[in-house]
Amino acid sequence: MAAEATIAPAKIGAKIGAGIGAPARPGAPPKSGARTGVPAWLRGLSGLIGFALILEIVPRIGLVSPHYLPPFSAIMVALFRELMSATFWTAFADTMRAWALGLVISLAAGTVIGIVIGSSNLLRTLTYSTIEFLRPIPSVALIPLAVLLFGTQLESTLILVVYAAFWQVLIQVLYGVHDVDPVARETARSYGLGTFAQVRYLIWPTMLPYLMTGVRLAAAVALILAITSEIAIDTEGLGREISQTEAGGAVAIMYAYVIVTGIVGVIVNLGARALERRVLFWHPSMRLDAGSGR
Amino acid sequence: MSGALSLARRAGIVLALPAALIALWWVTSAGSDSFYFPPLATILHTFVTLWLSPDAIPNVVPSLIRFAVGYFAAGLIGIAVGIPVGASRKLRQTLEPVLEFLRAVPPPVLVPVLILFAGIGDEMKILVIVFGCVWPVLLNTVAGVRALDEVLEDVVRCYRIGRMARLWHFVLPGASPQIFTGLRQSLSVGIILMVVSEMFAASNGIGFALVQYQRTFAIPEMWSGIILLGLIGIALSLVFRAAEAWLLAWYHGLRRTQRAN
Amino acid sequence: MLEVKQLRKVYDGAGRAVEAIRDVNFKVGQGELVCIVGPSGAGKTTLLKCIAGLLAPTAGGVILEGNAVHGPPPAMAVVFQEYGRSLFPWMTVHDNVALPLKQKRMTAGRREELVSNALAAVDLANVHGAYPWQLSGGMQQRVAIARAVAYEPHVLLMDEPFAAVDAQTRADLEDLIRVLWHKLEVTVLFVTHDIDESVYLGQRVLIMSHAPTVIMEDVAIDLPDERTQLETRSLPRFGELRKHIYSQIQLAKQGWRPPGT
């Protein structure tokens, strides 16, 4: 199971805690496939089914009041009904729009600013403290300001989303630019390569793996903040549907929306990971460092 | 360069840009009569009178306590569950899709859900923080346990090291760098949830205060609250780093040696 | 003392069965130093792991002091090739050596005595408080050896322990093994790919064939018991033995097998 890393640069890494030595042991037994006969996907599926069963049985036997937690079947019914309603798809589109816009903006800003800062040692040293100061500020602190300025419009959500996702991208891009081989950079400069050419042939390929990790982290964060803003500020989207259905007592529908946000989250996570793998598959420099990675 | 001079130089570099930005903010907002962007001077003055006085305690302390309780509970649960799941391939394969789904649910979504169960009191807020913070710790613990070195595993087996000793001397320290990554992520999540849960439904707390200021258009107070949250975020981050540097001193030393080779 | 009887190990993987070890039989007497050599791919590590109880054989078995081996037996200690990964990086040298002893019933005083003696025996009396990654490769392997020695085993298994160490250090460590072997009167089973090393160290050398492995020959090393790097290695008998084993291994690499296997 992949785990995002934010302490160290999230390089594609080998084991943590592995000491000095080759990763593969000589004479180690060949890795066997389906050792015990039950394939992984089947086990996973049974886990999901088990989870659904628990959700079905617990309210029915009264362990939890069905008023707070409707049985799984009731939630599924509500979900399918919602999938056929316009309200759902409008809310879904709203959330996706905020997410996509916010992600694109933060990617663009983070990449450009990251390359600019990363390419200059002076800028890097000067901005280090500012970045480390601003980064831990929770973007939800900006909620009141966003509300005052933009009310419940899309811009409020965008402020939160961009502020949070931007840092993920920036940090990764900075690490990426830092990784550029200084000798290569000097060579490029001595051959008179212009700035744009340097970026294109030198910085961009080195930075790409890091950027991909940044995309993955930013995509997840952007979704979280988009929905957070919808819940807290009441901008239109899935989050607002959740808080409204809760307030209105339509509990099964609320859970249906909760499940939808989970599924959207899973798709975003899987999609980002697949994209990262795809892009890095043909990338020539895959560093296998022992570090916090997947 | 003498020690004092180089220290001053380093301090200068660290503070240069922030000082410049603050000065810029101060100057551009000085004569401002914009409603939403009062002069920085006013904001700072409000900050001091509002948050550095004993009156601030009923708001700040409950928030931080709820956060601490939720965060540490989530840490314990995440580690306690993560270790067996990481150690057993069958368990991990069975639970993986469910866990991936549960952790993909944006944590603030749980606020309305938990209001149903736990009302709008302290329990709800702590539960929200726990539910949100447990996932990064759990998943990273699983990853850390999976990545335990096989050679060390053989050493533990061949010297017949008992189960408790194995857990305490091998599994936990071995997975701790990855566990700390998870704890770092859940720190950010926890702060977000602390604020959001209080904005939504509360009678005290920093988030609650912020929403009140916003609703009553007490703008300098609102700004000062934003600054306070920023400072809290920074302070928690620093405390975390100090704790990590201390507990993972061996790991940093090890990595330094590896990089040098 | 130690008997390996009709040992067979087959790996089942992805539809293919890989027969690593076909039929290995040999005996080791009390207090002997026996070396095992073979071409790479001969399953030396597999064999050692089966003897150590870390791997269950497909057929046949290992008998130690009259008891069948089903898991790592308490009378056995193993020194692994990857010294960097076989020591716990979060513990000091002292704690690394002491850890297996904590599982055995003994007083703290006795344990300290064993640790100090073991570290002194490997010439590392001054690094009790250091961390493994602060030490050189050779020193790390000495710590691993000290750990095994402090455990007071009856049989010491060593899996190509000096393969990843430079030649000078290797010579010192080889001599250290002989000194310890004499002093502790322990039985040693030493796996290596280095023919010279096997002749220098052993009283007997078992030559393994290529996979599926059998023992090709059991060579008695009739060199004097007092051995030094300089003198012993220049003895004519050393050259003969070495040449013989070398040619056998060349045959093994070409796939030659004893008749009937």
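For clarity, every value in this text was computed on a predicted model and none was experimentally measured.

## Brief notes about the overall build of chain C
A tally of regular secondary structure across chain C gives nine helices and ten strands. Expected size for 261 residues packed as a compact globule is a radius of gyration near 18 Å; at 18 Å, chain C falls within 12% of this value. In terms of principal-axis extent, the alpha carbons of chain C reach across some 55 × 45 × 35 Å. Expressed as a percentage of its 261 residues, the buried residues of chain C come to 44%. In chain C, of all internal contacts separated by at least 6 residues, the share reaching a separation of at least 24 is 71%.

## Examining the overall build of chain A
For chain A, the helix and strand inventory stands at ten helices and zero strands. Seen in sequence order, chain A has helices and strands lined up from the N terminus as α-α-α-α-α-α-α-α-α-α. The 294 residues of chain A split such that 43% are buried. Within chain A, counting contacts between residues at least 6 apart in sequence, those at least 24 apart form 76% of the total.

## A closer look at the confidence of the model for chain C
Overall, the predicted model of chain C reaches an average pLDDT of 90, with 100% of residues at or above 70. In the model output, the complex is listed with pTM 0.84 alongside ipTM 0.88.

## Side note on the confidence of the model for chain A
Summarising the model, chain A shows a mean pLDDT of 79, and 83% of its residues fall at 70 or more. Note that residues 1–24 of chain A has pLDDT below 50 and, in this model, 81 contacts with residues that lie over four places away or in other chains.

## Describing the sheet that holds strand E5 (residues 67–68) of chain C
All names here are of chain C. Taken together, ten strands build an open sheet; the order of strands is E5-E4-E1-E2-E10-E9-E3-E8-E7-E6 and the sheet is mixed. Each edge of the sheet is formed by a strand with only one pairing partner; in this case those strands are E5 and strand E6 (76–79). Two elements, strand E2 (residues 16–28) and strand E10 (residues 213–220), share two bridges in a ladder whose sense is parallel. When the bridges of E10 are listed, Asp-23 appears paired with Val-214. Against the sheet, helix H9 (residues 236–253) engages strand E3 (33–37), strand E9 (204–208) and E10, with an angle of about 170 degrees to E10.

## Here's the deal with the interface of chain B and chain A
Contacts between chain B and chain A engage 64 residues on the former and 58 residues on the latter. Considering each element in turn, the side of chain B that touches chain A owes the most residues, 14 residues, to helix H8 (residues 163–200) of chain B. When grouped by side-chain class, the residues that make up the side of chain B that touches chain A number 43 nonpolar, 15 polar and six charged.

## Side note on helix H2 (residues 72–83) of chain A
All names here are of chain A. For H2, built from twelve residues, the straight-helix expectation of 16 Å at 1.5 Å per residue is met to within 8% by its first-to-last C-alpha distance of 16 Å. Those residues of H2 that fall on the buried side of the exposure criterion are Phe-72, Ala-74, Ile-75, Ala-78 and Glu-82. Projected down its long axis, H2 shows its buried positions confined to an angular sector of 160 degrees, all on one face. Structural note: H2 exposes Phe-80 and Leu-83 on the side pointing more than 90 degrees away from its buried face. Where H2 is buried, its residues contact helix H1 (40–60), helix H3 (86–119) and helix H10 (251–281).

## Some words on the interface of chain C and chain B
Counting residues at the interface gives 19 residues for chain C, matched by 18 residues for chain B. Of all the secondary-structure elements, those providing two or more residues to the side of chain C that touches chain B are helix H2 (83–86) and helix H3 (93–103) of chain C. Within the side of chain C that touches chain B, the residues separate by chemical class into 14 nonpolar, two polar and three charged.

## Considerations on the nonpolar core
Residues and elements named next belong to chain A. Ranked by internal contacts, the top residues of the largest apolar core, which has 222 residues, are Val-161 and Ala-222. When residues in this core are grouped by element, the largest group, 21 residues, is from helix H8 (residues 195–233). Apart from the residues within four sequence positions on either side, Ala-222 is in contact with Trp-99, Gly-102, Leu-103, Ser-106, Val-161 and Ala-165.

## Regarding unusual backbone geometry
Residue and element names in this part refer to chain C. Within the chain, Gln-6 stands out as a residue other than glycine whose phi angle is a positive 45 degrees. In this fold, Gln-6 is placed in strand E1 (residues 2–13). Phi at Asp-123 is positive, roughly 70 degrees, even though this residue is not glycine. Along the polypeptide, Asp-123 turns up in the loop between helix H4 (108–121) and helix H5 (137–150). Since 14 C-beta atoms lie within 10 Å of it, Asp-123 is described here as partly exposed.

## Topic: the packing of helix H5 (residues 110–118) of chain B against helix H6 (residues 122–146) of chain B
Residue and element names in this part refer to chain B. Interaxial distance between H5 and H6 falls to 9 Å at its minimum, and their mutual angle equals 135 degrees. Our classification of the angle between H5 and H6 gives oblique. Where H5 crosses over H6, the handedness of that crossing is right-handed. On H6, the residues that touch Leu-110, Val-111, Leu-114, Ile-115 and Ala-118 of H5 are Glu-123, Met-124, Leu-127, Val-128, Phe-131 and Gly-132. Of the residues belonging to the contact of H5 with H6, the class tally is nine nonpolar, one polar and one charged.

## As for the pairing of E6(C)
Residue and element names in this part refer to chain C. Alternating positions in E6 separate into two faces, Met-76 and Val-78 on one and Ala-77 and Val-79 on the other, with burial throughout. As defined by bridge partners, E6 adjoins strand E7 (residues 155–159) across four bridges and the pair is classed as parallel. In the sheet register, Met-76 faces E7, and the bridge partner there is Val-155.

## Description of the pairing of E1(C)
Residues and elements named next belong to chain C. Bridge analysis of E1 against E2 gives nine bridges, and the strand direction is antiparallel. Looking at E2, one finds that Glu-3 is bridged to Lys-27. The hairpin turn running from E1 into E2, its antiparallel successor, is two residues long, and Ala-14 in that turn takes a positive phi close to 45 degrees. One ladder, built from five bridges, connects E1 with strand E4 (residues 59–64); its direction is antiparallel.

## Details of the environment of C:Leu101
Residue and element names in this part refer to chain C. Its location among the elements puts Leu-101 in helix H3. A sequence separation of 14 residues divides Leu-101 from Val-115, and the C-alpha atoms of the two residues are 8.8 Å apart. Setting aside residues no more than four positions away along its own chain, Leu-101 makes contact with Met-106, Arg-111, Leu-114, Ala-150 and Tyr-151.

## Observations regarding the packing of H8(A) against H10(A)
Residue and element names in this part refer to chain A. Orientation of H8 relative to H10, taken along the N-to-C sense of each, is 170 degrees, at an axis distance of 9 Å. Considered as vectors, H8 and H10 are oriented roughly antiparallel to each other. Across the interface between the two elements, Leu-208, Pro-209, Met-212, Thr-213, Val-215, Arg-216, Ala-219, Ala-220, Leu-223 and Ile-227 of H8 pack against Thr-261, Val-264, Gly-265, Val-268, Asn-269, Ala-272, Arg-273, Leu-275, Glu-276, Val-279 and Leu-280 of H10. Classifying every residue of the contact of H8 with H10 gives 14 nonpolar, four polar and three charged.

## Thoughts on the environment of C:Ala211
Residues and elements named next belong to chain C. Relative to the helices and strands, Ala-211 is located in the loop between E9 and E10. Residue class for Ala-211 comes out partly exposed when judged on the 18 C-beta atoms lying within 10 Å of it. Along the primary structure Ala-211 and Ala-42 are separated by 169 residues, whereas in three dimensions their C-alpha atoms are 5.0 Å apart. Setting aside residues no more than four positions away along its own chain, Ala-211 makes contact with Ala-20, Gly-41, Ala-42 and Gly-43.

## Quick look at the environment of C:Thr187
Residue and element names in this part refer to chain C. Inspection of the secondary structure puts Thr-187 in strand E8 (residues 187–192). In this structure Thr-187 comes out as buried when scored by C-beta crowding, with 24 C-beta atoms within 10 Å. Linking Thr-187 and His-154, residues 33 residues apart in sequence, is a C-alpha distance of 6.2 Å.

Criteria and cut-off values
Residues numbered from 1 in each chain as written. Chains lettered and ligands numbered in written order. Predicted model: local features only at pLDDT ≥ 70, side-chain atom pairs only at ≥ 80, totals over all residues. Helix = DSSP H or I, 4+ residues; strand = E, 2+ residues; numbered from the N terminus. Rg over C-alpha atoms; globule rule 2.2 N^0.38 Å. Buried ≥ 20, exposed ≤ 12 C-beta atoms within 10 Å, placed from the backbone. Contact = placed C-beta atoms within 7 Å. pLDDT = per-residue confidence, 0-100. Pairing = 2+ DSSP bridges. Axes fitted to C-alpha atoms, helices over the stretch in contact; angles between N-to-C directions. Nonpolar A, V, L, I, M, F, W, Y, C, P; charged D, E, K, R; others polar. Expected span 1.5 Å × (residues − 1). Arc of directions from axis to C-beta. Core = buried A, V, L, I, M, F, W, Y, C linked by C-beta atoms within 7 Å. Parallel < 35°, antiparallel > 145°, perpendicular 65-115°, else oblique. Left-handed = near helix turned anticlockwise from the far one by under 90°.

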